[in-house]
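Working through the structure, step by step
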Amino acid sequence: MTERVPTFDDLKRGHVVLAPDPFKSDTDATRPWVVTNNESHPFDNQQYVVLALTTQTWYDERVPLDEDDYRH
């Protein structure tokens, strides 16, 4: 079964997406981002508030994500 890739308009609070990484100089570098805004955001489904997630594992209080949680 192939999961449908969400479109920009499908994004909801809690979705994790891979997008360009502005913190790296590689032009093809990506980073996971979690969508944090909700329907009360003034430009819902047009602009999104996101938080960058790290792939570092040294932080003991981190919240690990399963690969199935990623939306490409």
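Rolling a probe over the atoms, with the probe sized like a water molecule, indicates the empty space that remains. Inspection of every chain in the model, using the stated rule, returns one cavity of 30 Å³ or more. Looking at the largest cavity, its volume works out to about 30 Å³. If you trace the largest cavity, you find it lined by L11, K12, R13, N37, N38, E39, D44 and Y48. Residue composition of the lining of the largest cavity, grouped by class: two nonpolar, two polar and four charged.

With that out of the way, let us pick up the pairing of strand β2 (residues 30-35). β2 sits mainly inside the fold: five of its six residues count as buried. Here strand β1 (residues 16-20) runs beside β2; their pairing, made up of five bridges, is antiparallel. The partner of A19 across the bridge, within β2, is R31. As paired strands, β2 and strand β3 (residues 50-52) are joined by three bridges and run antiparallel to one another. Opposite W33, over in β3, you have A52 as the bridge partner.

The next thing to look at is the packing of aromatic side chains. One pass over the full model with this rule turns up one aromatic pair. Ring geometry for F23 against W33: centres 6.4 Å apart, planes inclined by 25°, an arrangement best described as stacked. With F23 in the loop between β1 and β2 and W33 in strand β2, this pair connects stretches of sequence that are ten residues apart. The exposed category is assigned to F23, whose relative accessible area is 57%.

On to the nonpolar core, then. Formed by L11, V17, W33, V35 and Y48, the largest nonpolar core amounts to five residues. Discounting chain neighbours no more than four positions away, the residues touching W33 are H15, V16, V17, A19, P20, P22, F23, V50, L51, A52 and L53.

Let us now look at the confidence of the model for the protein. Of the residues in the protein, 76% reach a pLDDT of 70 or more, and the chain-wide mean stands at 77. Across the protein, element-level confidence peaks in β2 with a mean pLDDT of 88 and bottoms out in strand β4 (residues 70-71) with 54.

Calculation rules
Residues numbered from 1 in each chain as written. Predicted model: local features only at pLDDT ≥ 70, side-chain atom pairs only at ≥ 80, totals over all residues. Heavy atoms only, no water. 1 Å grid on protein atoms, 1.4 Å probe; cavity = no way out; pocket = protein on both sides within 12 Å on 5 of 7 lines; lining within 4 Å. Points joined across faces, edges and corners; volume = space filled by probe spheres on them. Nonpolar A, V, L, I, M, F, W, Y, C, P; charged D, E, K, R; others polar. Buried < 20%, exposed > 50% of the residue type's maximum accessible area, 1.4 Å probe, protein only. Helix = DSSP H or I, 4+ residues; strand = E, 2+ residues; numbered from the N terminus. Pairing = 2+ DSSP bridges. Phe/Tyr/Trp six-rings, centres within 6.5 Å; stacked < 30°, edge-to-face > 60°. Core = buried A, V, L, I, M, F, W, Y, C linked by side-chain atoms within 4.5 Å. Contact = heavy atoms within 4.5 Å. pLDDT = per-residue confidence, 0-100.

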